[in-house]
Structures are given as structure tokens and as C-alpha cells.
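Residue-level structure breakdown
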Amino acid sequence: MKPFRIIGRSIRDAFKSVFRNFSLSMASILCATITLLVVAISLLIAGNVENATNNLKDELTIVVYLDKSASTDDADFIENSIKGIKDVDKVTYKSKEEWKTEMSEYNASFGTVFENYEQNPLMDSFTVTVKDVNSLERIATEIEEMDKVASANYGEDTVNTIISVFDVVEKVTIVVVISLIFVTAFLITNTIKLTIYSRRSEIEIMRLVGSSNIAIKLPFVFEGFIIGVLGSLIPVIVTIYGYIIAYERLGGHIISDLIKLIPPYNFVFLVSLVIVGLGALIGMVGSLMAVRKYLKV
Amino acid sequence: MKFIELKNVNKTYSTGVTALADLSVTIDKGEFVFVIGHTASGKSTFIKMLYREEKPTKGSVIVGGVNVAKLRNGRVYKLRRKIGVVFQDFKLLPKLTVYENVAFALECLGVSASEIKPKVLKAIEIVGLKEKTRSFPHQLSGGEQQRVCIARAIVNEPKLLICDEPTGNLDPDTSKEIMKVIENINKELKTTVIMATHDKEIVNRMKKRVLLIEHGVLTGDYLKGSYKSHEAV
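Basis of the calculations
- Residues numbered from 1 in each chain as written.
- Chains lettered and ligands numbered in written order.
- Predicted model: local features only at pLDDT ≥ 70, side-chain atom pairs only at ≥ 80, totals over all residues.
- Heavy atoms only, no water.
- Helix = DSSP H or I, 4+ residues; strand = E, 2+ residues; numbered from the N terminus.
- Rg over C-alpha atoms; globule rule 2.2 N^0.38 Å.
- Contact = heavy atoms within 4.5 Å.
- Areas by Shrake-Rupley, 256 points an atom, 1.4 Å probe, with all protein chains shown as cover.
- Lys, Arg positive; Asp, Glu negative; His and termini not counted.
- Charge placed at Lys NZ, Arg CZ, Asp CG, Glu CD.
- 1 Å grid on protein atoms, 1.4 Å probe; cavity = no way out; pocket = protein on both sides within 12 Å on 5 of 7 lines; lining within 4 Å.
- Points joined across faces, edges and corners; volume = space filled by probe spheres on them.
- Nonpolar A, V, L, I, M, F, W, Y, C, P; charged D, E, K, R; others polar.
- Expected span 1.5 Å × (residues − 1).
- Patch = residues over 30% accessible without salt bridge, like charges linked within 9 Å, V, L, I, M, F, W, Y side chains within 5 Å.
- Salt bridge = Lys/Arg side-chain N within 4 Å of Asp/Glu carboxyl O.
- Phe/Tyr/Trp six-rings, centres within 6.5 Å; stacked < 30°, edge-to-face > 60°.
- Buried < 20%, exposed > 50% of the residue type's maximum accessible area, 1.4 Å probe, protein only.
- Lys NZ or Arg CZ within 6 Å of the ring centre and 35° of its normal.
- Axes fitted to C-alpha atoms, helices over the stretch in contact; angles between N-to-C directions.
- Parallel < 35°, antiparallel > 145°, perpendicular 65-115°, else oblique.
- Left-handed = near helix turned anticlockwise from the far one by under 90°.
- Pairing = 2+ DSSP bridges.
- Core = buried A, V, L, I, M, F, W, Y, C linked by side-chain atoms within 4.5 Å.
- Domains from an automatic or database assignment.

1. Observations concerning the overall build of chain B
Of the regular secondary structure elements, chain B holds eight helices and 10 strands. At 17 Å, chain B has a C-alpha radius of gyration in line with the 17 Å of a compact globule built from 233 residues. When its C-alpha atoms are laid out on the principal axes, chain B stretches across 45 × 40 × 35 Å. Counting only contacts in chain B whose residues sit at least 6 apart along the sequence, the fraction spanning at least 24 positions is 69%. Of the roughly 10,600 Å² of accessible surface on chain B, 50% is carried by carbon and sulfur atoms. Computed over 38 positive and 26 negative side-chain charges, the separation of the two mean positions in chain B equals 6 Å.

So, in C-alpha cells, the structure goes:
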């Protein structure tokens, strides 16, 4: 029963002292609010950058043109061979006739040009999407080596540049988010340290009347939890409503259709959960670190 | 019956200052002992060793059969539950009432609410503050605040009451009242009392055992001693 009573008392005392030391608690809560707000915004941005790069990567394909001499059987054989290559996701066939119809429909002048030819000058093709954008080059080379394949292109230079840019953007975003989390942890921990510094006599009395270290730490850990959770309330509200409004105002994309935003549900809830969890965790760990300083036994 | 035994205790701080040198003394159960000496003589270090706020560099400190010097950090709290400590600066929590300050000591130990109330009221009654249970420390006089500190120290019915200059901040009349309270606790509850003090008048009047510490060395142990015997040394 004793451990339960100590836990119960710790929770009750944690709530009491948040309100009894209201000005100091407010300072810690405000600090948590401001820093978690910055983290929330950076998470929203990071999530969208990641999403946009993944979307763009999905649109990178290899276009394979077949020799004019390739028969339907050859095309079937090549299609199966391509499907057998590792990391190939989808293979879509388009015959030269389909190309011709499509191009003529797109622009009438193409139709006029095609009329000058006795035979269709275009080639049958495959559009190959891959599972891993980094394997584009390897797959394109393998396809190019196949019989009856005229070419396999994926816009080498541009694509390689885009891939390296994406990698840099992803890494930078991760570094920024992690740094912000560390800064947040540092700021919140220090503000909580100030709160606990003002209550060191309370800790001293607890030690001298014979409280075990765990019984001393618990109320402060719960208090840190409460401060962290209260501090994350405004960032969560801003995340949910701010993102939904921004998404609707922007029509779900930025600049062009190419950069699509992540739909608000469940993205905002996931970010909110991370923010509340982060606030609670930093609050608890911060309090624990601060109170340990005064527990020299 | 031996309750406290210090054997060849030495304490040297990391700064190189020697606070206690080869100090040996025994104190029986139920005794009332004054520890006197000049400022920085080693009184406080002696007192702090009893509740393991300080550890000796050499020697053993046995309190109630336990060698405090060898006690693991994780078990120190068990020793402190058997000891009440009264400070010169009271160390009350300003935002708690008299009742809450005394109850705090028991709540920290996980005592049930039904047990806390009678124990706290009894302790408050012993120190004569029955009418002030709902007052906050800032509404009390210095003497009253010290009584709250004493009530908090005895609420868990400790076997040893350690007082570190409890009358240091009080006027002579209030000091007398506080000493009466402590003497009653010693007589009626049979609690062993060890008190560090500078107050000559109290020591001379009460005629209790006196330990004199000078420059970290126990230079006098008088059974019904006083500052006069100290001066005679």
C-alpha cells in the first residue's frame, strides 16, 4: 500500500505545487509552449518536405524504346524480362500506334507531320517505375543491354542532380528538427531547474525526515510531466487548426501541383502526439535531472 | 545502555581542513547532551555525522547499533526516519500551514491519512501550538516557528532528537520556553537529545552532560557540566 500512497501523494502534490508556485510554473509552461511551437512548425515543414521529395521520386521513370524490328512477341519477352529485374515496380507498355494517336490528339500539327510518313516513325515503348530511386541507373543499364531495346533513358544528369538535392534536403531537415528538439530540451530543463532551485529547502526537508530518493523525485517528475503537457497545449492547437486552415487556403499544394501538401488527417494528430509526448518527456527528464542535483544523500 | 558510539573519528574535508580529529565518545539511550565549542570548532560536523549528512574520513559512527559510516547511500533514509532534526533557521515550508508542515514529514514516508492526523495533532500539542494549527509560518513568532520545527522532528517518534543551535535566533525568554519543550520530550518520551549550542545561560542552567569540542578535538566531557567547567579547562 505504501508505494501506492507515495505515488498518489506525488501526483496530488505535483498538481498542488504547479498552482502554488504559479508564476514559476507559468515561466516553465511558457518556455515549453514557445519552444514546442517552433518544433511543431518545423515538424510540419519537415513532414511536407519529406512527402514532396517522395512524391517527386515516384514520378521518376525510365522510358524504354524498342527497336523498330521488335515484334509483339519480342515486346512480351522484354516486358517479362524487365519485370524480373530487382526493384522494378511497374512496367507499362505503349505501342507506337498509341503514341501516334496520343500525340495527334495533343497537337494537330503532329498529325500533319505524321501524314508525310508512309510508316509510323515512332517506336513502341515501356514506362518503367522503380521501387528505389537510387536503382534507376542500374536498372536502365540492365534494360539497355537487352536485345531489341533501342534505348532506356531516365534523364540521367537531371535525375542525378535531383536525387542528390533530395538527399541533402532530407538530411538538413532531420538535422534541423533534431537540433530544435535538443534546444527545446535544454531550454525547458533549465527553466525547470530554476523552479526546483527555489524549492531546494523542500527537498532538503524531505531528505532529512527520511524520504527515499524515489519518493523525493516522484512529485517533481509528475510536476515536470504536467508542465510539459500544459506547455504543449497551445502548440497542439496551432498545429491542428493552423495546418488545416493553411491546407485549405493553399488548396493542398504549394507553388504548383508538383509540390503537394500532406492531407491534414491524420498528419496533424500524429504531429500533435509527438509534441505532447516530447513535452511530457522533456518535462519529466528535466525535472529528474534538476532534482538529482539536490539529492546528495 | 549505549546508543551512540563514535570511535576514533576523523574528518578532513576536500579543502584539506580537518574538522574532527580522533574523536571518541559514547552516549546512552535517553541522555541529554550539549555539544559546545567555538564557531568552526567541529560541532556541526559532529552533529551532521550522526544523521549521515557527513561521512567520517576514518573511524566508526554507530547510532542505534548501525555503523552510519558504512551505510550505503540507498539506505540512509532508513536511518533518518529514526532521527528528528531541529535547525537554527527552522526550515519550514512557507506555503504550508503549521499542520501541513508537521504532516509533511509523515506524508513523505507514505503514512496513511488516518494515522497522520492523530500523530500530527499530538506533536503539535506537545510543543504547545494547538491554537495555531492553521497558521502559516509568516504569521508566527520565531519561537513558535521553532516549536513547529520541533513538532515536525518528533512527529515520527524518533529515538534521537538532534538540535543544531535551536535557540540561536531567539531571545532569552523564548529560548527558555523552547528548552522546556525539548527537556519535556527528553523526559517524557525518553528521546535521546543531542544539542549543539552557543547559549551559555541554557547550558549553565540545565546542568546536563556537556561535550566540549575545540579545533576538532574533544577536550572535555562533563557529566553535569557547564560553560564554567569549560572555562576551568
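2. Examining empty space enclosed by the protein
For the structure on display, the rule yields two cavities of 30 Å³ or more. Within this model, the largest cavity holds a volume of roughly 160 Å³. Those elements that place two or more of their residues in the lining of the largest cavity are helix H8 (200–208) of chain A together with strand S6 (83–87), helix H3 (98–108) and helix H5 (142–154) of chain B. Looking at the lining of the largest cavity, the element that brings in the most residues is S6 of chain B, giving four residues. Residue classes in the lining of the largest cavity are distributed as 12 nonpolar, two polar and three charged. Quantified by volume, the second largest cavity comes out at close to 30 Å³. In terms of lining, the second largest cavity is formed by Ile192, Thr195, Ile196, Arg199, Phe220, Glu223, Gly224, Ile227 and Ser287 of chain A. If you list the elements that add at least two residues to the lining of the second largest cavity, you get helix H7 (156–197) and helix H9 (213–250) of chain A. It is H9 of chain A that contributes the most residues to the lining of the second largest cavity, four residues altogether. Of the residues that constitute the lining of the second largest cavity, the class distribution is four nonpolar, three polar and two charged.

3. Comments concerning helix H4 (residues 113–126) of chain B
Residue pairs spaced three or four apart in an α-helix point in one direction, given the helix's 3.6 residues per turn. All names here are of chain B. Taking 1.5 Å as the rise per residue, H4 with 14 residues should run 20 Å; its terminal C-alpha atoms sit 20 Å apart, in good agreement. Looking at the buried residues of H4, the elements they touch are H3 and H5. Gly128 lies just past H4 and shows a positive phi near 75°.

4. Topic: a positive patch on the surface
There is a patch of like positive charges on the surface, built from Lys29, Arg72, Arg75, Lys78, Lys82 and Lys159 of chain B. Relative to the assigned elements, Lys82 of chain B resides in the loop between helix H2 (76–80) and S6.

5. Side note on the packing of aromatic side chains
By convention here, two paired aromatic rings are described through the distance between centres and the angle between planes. All names here are of chain A. For the structure on display, the rule yields five aromatic pairs over all chains. With 5.3 Å between their ring centres and 70° between their planes, Tyr243 and Phe267 make a pair best called edge-to-face. With a gap of 24 residues between them, Tyr243 in helix H9 and Phe267 in helix H10 (residues 264–292) connect regions that are remote in the sequence. On the basis of an interplanar angle of 35° and a centroid distance of 5.8 Å, the ring pair of Tyr265 and Phe269 is categorised as tilted. Here the residue Tyr265 and the residue Phe269 both occupy positions in helix H10, the gap between them amounting to four residues, near one helical turn. For Tyr265, a relative accessible area of 54% puts it in the exposed group. Take Phe269: its relative accessible area is 40%, and that puts it in the partly exposed class. Following the ring pairs from residue to residue traces out a cluster consisting of Tyr243, Tyr247 and Phe267. Positioned above the aromatic ring of Trp99 is the side chain of Lys94, whose terminal nitrogen or guanidinium carbon lies 4.5 Å from the ring centre. Seen from the ring of Tyr197, Arg200 lies directly overhead, with NZ or CZ sitting 4.0 Å from the centre.

6. Here we look at the packing of H3 of chain B against H4 of chain B
All names here are of chain B. Running from N to C, H3 and H4 point in directions that differ by 125°, and their axes come no closer than 9 Å. Considered as vectors, H3 and H4 are oriented oblique to each other. Like other packed secondary-structure pairs, H3 and H4 cross with a definite hand, here right-handed. The residues of H4 that touch H3, namely those facing Val98, Tyr99, Val102, Ala103, Leu106 and Glu107, are Ile116, Lys117, Lys119, Val120, Leu121, Ala123 and Ile124.

7. Remarks on the sheet that holds strand S1 (residues 2–12) of chain B
Residues and elements named next belong to chain B. Strand order in the open sheet made by the four strands is S2-S1-S4-S5, with antiparallel pairing throughout. Since the sheet does not close on itself, it has two edges, and those belong to strand S2 (18–28) and strand S5 (66–67), each with one partner. Relative to S5, strand S4 (residues 58–63) runs antiparallel, the two sharing two bridges. In the strand pairing of S5, Val63 is matched with Val66.

8. Overview of the layout of surface pockets
The gaps left among the atoms become clear once a water-sized probe is rolled over them. Its boundaries defined by the atoms lining it, the largest pocket holds a volume of some 530 Å³. As for the largest pocket, its lining consists of 26 residues, and the residues nearest its centre are Ser17, Arg20 and Glu202 of chain A together with Leu93 and Leu96 of chain B. Broken down by secondary-structure element, the contributors of at least two residues to the lining of the largest pocket are helix H1 (2–20), helix H2 (22–58), H8 and H9 of chain A together with H3 of chain B. Its residues assigned to classes, the lining of the largest pocket comprises 11 nonpolar, five polar and 10 charged. Put simply, the second largest pocket is a space of about 340 Å³. Breaking the lining of the second largest pocket down by element, the ones donating at least two residues are H2, H7 and H9 of chain A. At nine residues, H2 of chain A tops the list of elements feeding residues into the lining of the second largest pocket.

9. Some remarks on the nonpolar core
In terms of nonpolar packing, the biggest core is built from 113 residues, with Phe34, Phe46 and Ile182 of chain B touching the most fellow members. Excluding residues that lie within four positions of it along the chain, Phe34 of chain B makes contacts with Met179, Met195, Thr197, Ile202, Val203, Met206, Lys208, Arg209, Val210 and Leu211 of chain B. In this structure, Ala70, Val128, Ile143 and Tyr154 of chain A belong to the second largest nonpolar core, which totals 25 residues.

10. Some points on the domain arrangement of chain A
Considered domain by domain, chain A is made up of domain 1 (2–56 + 162–292) and domain 2 (61–153). Between the C-alpha centres of domain 1 of chain A and domain 2 of chain A the distance comes to 52 Å.

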